[in-house]
Amino acid sequence: MKTIQLCARWRSALCTIAGVFAFIAVPSQTQAAPFELIYNGVFNTQDALNPASQSTPTFFKAATPFTIRAWFDTSSPNLAPASPPAPPPFAGFRAYSPSVATIKVGNQTYSIENFNTNPTAGVTVAIFDNHSFTPGRYAVGILQEPPQDGAGIIGDFSSASPAFTADTLTHTTIYSGYNGVGYGSGVCTGGPGVDCAITPFVLHNGNQTWDLTLGNYEEVYPGGSDPVVGPPGPLNRAELLATPEPGTLAVAFGGLAFLFGLARRRKS
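Residues numbered from 1 in each chain as written. Predicted model: local features only at pLDDT ≥ 70, side-chain atom pairs only at ≥ 80, totals over all residues. Heavy atoms only, no water.

A word on unusual backbone geometry. Residue Ser-83 is joined to Pro-84 through a cis peptide bond whose omega torsion reads -5°. Note on placement: Pro-84 falls in the loop between strand S3 (64-73) and strand S4 (93-96). Here the bond from Ser-161 into Pro-162 is cis, since omega is -5°, no more than 30 degrees from zero. For Pro-162, the position within the fold is in the loop between strand S9 (152-161) and strand S10 (173-184). Backbone geometry places Asp-149, a non-glycine residue, at a positive phi of 60°. Among the structural elements, Asp-149 can be located in the loop between strand S8 (138-143) and S9. (Helix = DSSP H or I, 4+ residues; strand = E, 2+ residues; numbered from the N terminus.)

If you walk through the whole model with that rule in mind, you get one disulfide. Covalent S-S linkage joins Cys-188 and Cys-196, the inter-sulfur distance amounting to 1.8 Å. Here the disulfide of Cys-188 and Cys-196 is right-handed, its torsion about the S-S bond being about 105°. (Disulfide = S-S within 2.5 Å.)

When you line up the elements, Asn-179 lands in strand S10. For Asn-179, a relative accessible area of 7% puts it in the buried group. A distance of 3.0 Å separates polar atoms of two side chains, one belonging to Asn-179 and the other to Ser-158. For Asn-179, the residues in contact, after removing those within four places along its chain, are Arg-137, Asp-156, Phe-157, Ser-158, Glu-219, Val-220, Tyr-221, Gly-223 and Gly-224. (Buried < 20%, exposed > 50% of the residue type's maximum accessible area, 1.4 Å probe, protein only. Polar contact = N/O pair within 3.5 Å; in protein donor to acceptor, adjacent residues only side chain to side chain. Contact = heavy atoms within 4.5 Å.)

Bringing the pattern of salt bridges into the picture now. Tallied over the full model, the rule gives two salt bridges. We note a salt bridge from Arg-69 to Glu-36, for which the minimum N-O separation is 2.5 Å. A residue pair is termed long-range when its members are at least 10 positions apart, and Arg-69 in strand S3 and Glu-36 in strand S1 (residues 34-43) qualify at 33 residues. A residue is classified by how much of its surface remains accessible, and Arg-69, at 35% relative accessible area, is partly exposed. Judged by relative accessible area, Glu-36 falls into the buried class, the value being 5%. In this structure, Arg-137 and Asp-156 form a salt bridge, with 2.6 Å as the shortest nitrogen-oxygen distance. Within this pair, whereas Arg-137 is found in the loop between strand S7 (124-128) and S8, its partner Asp-156 is found in strand S9, the two being separated by 19 residues in sequence. Arg-137 sits in the partly exposed class, given a relative accessible area of 27%. (Salt bridge = Lys/Arg side-chain N within 4 Å of Asp/Glu carboxyl O.)

Take a look at the structure:
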């Protein structure tokens, strides 16, 4: 009797886990489409990283590479303004609050507060398709307060493979042809770069809180060519990987651990 019950529980658990992996492996337009943004860029001497308790920002002394990783899901609410009534560029603009976001600067990795937990200074993943500000080009990065155009890092790319529109993003996408990047310190009331607030991104490392403060500037490289190339490629690059969020993976691996436990009990 115990053997029959155990087998029934095993089959039930196996079906459950199989369903989880089927859900992860086959994203469609009618269900969640989970992604990981990987964005590599470079800070300069107009940007600063310092403990939040420090009143005066400590600016970078030289070009400093960084890597942003953010997991999000296109089934979550779009935080970008609707178009209409917003101007036409926003029709191709989506902004999603990530479940997890990190930034690696040097040898340190910091977690970044997201929009859901901090609507003023928290990060969203900002995606612009080829119908946005520069027709035919794509942009991607991170942004605070999407409707007000808060602090952010938005890279401009000539193409994306495969091509997509903001409402049909379902597959891994690689950006190429780097045209530059726009950095912003916060919401600007007098137009781009004019009368701008300074709202640092809130980072955490261990028990310490840090401020990442950005300047207001653009780096432009006409022709879609990154001027600096190093292993494993251009310093400025981006990709959206169709991949489960860490929370989804935790559920899946938890189910596998449960199955492994059942197998051990069955052997014993």
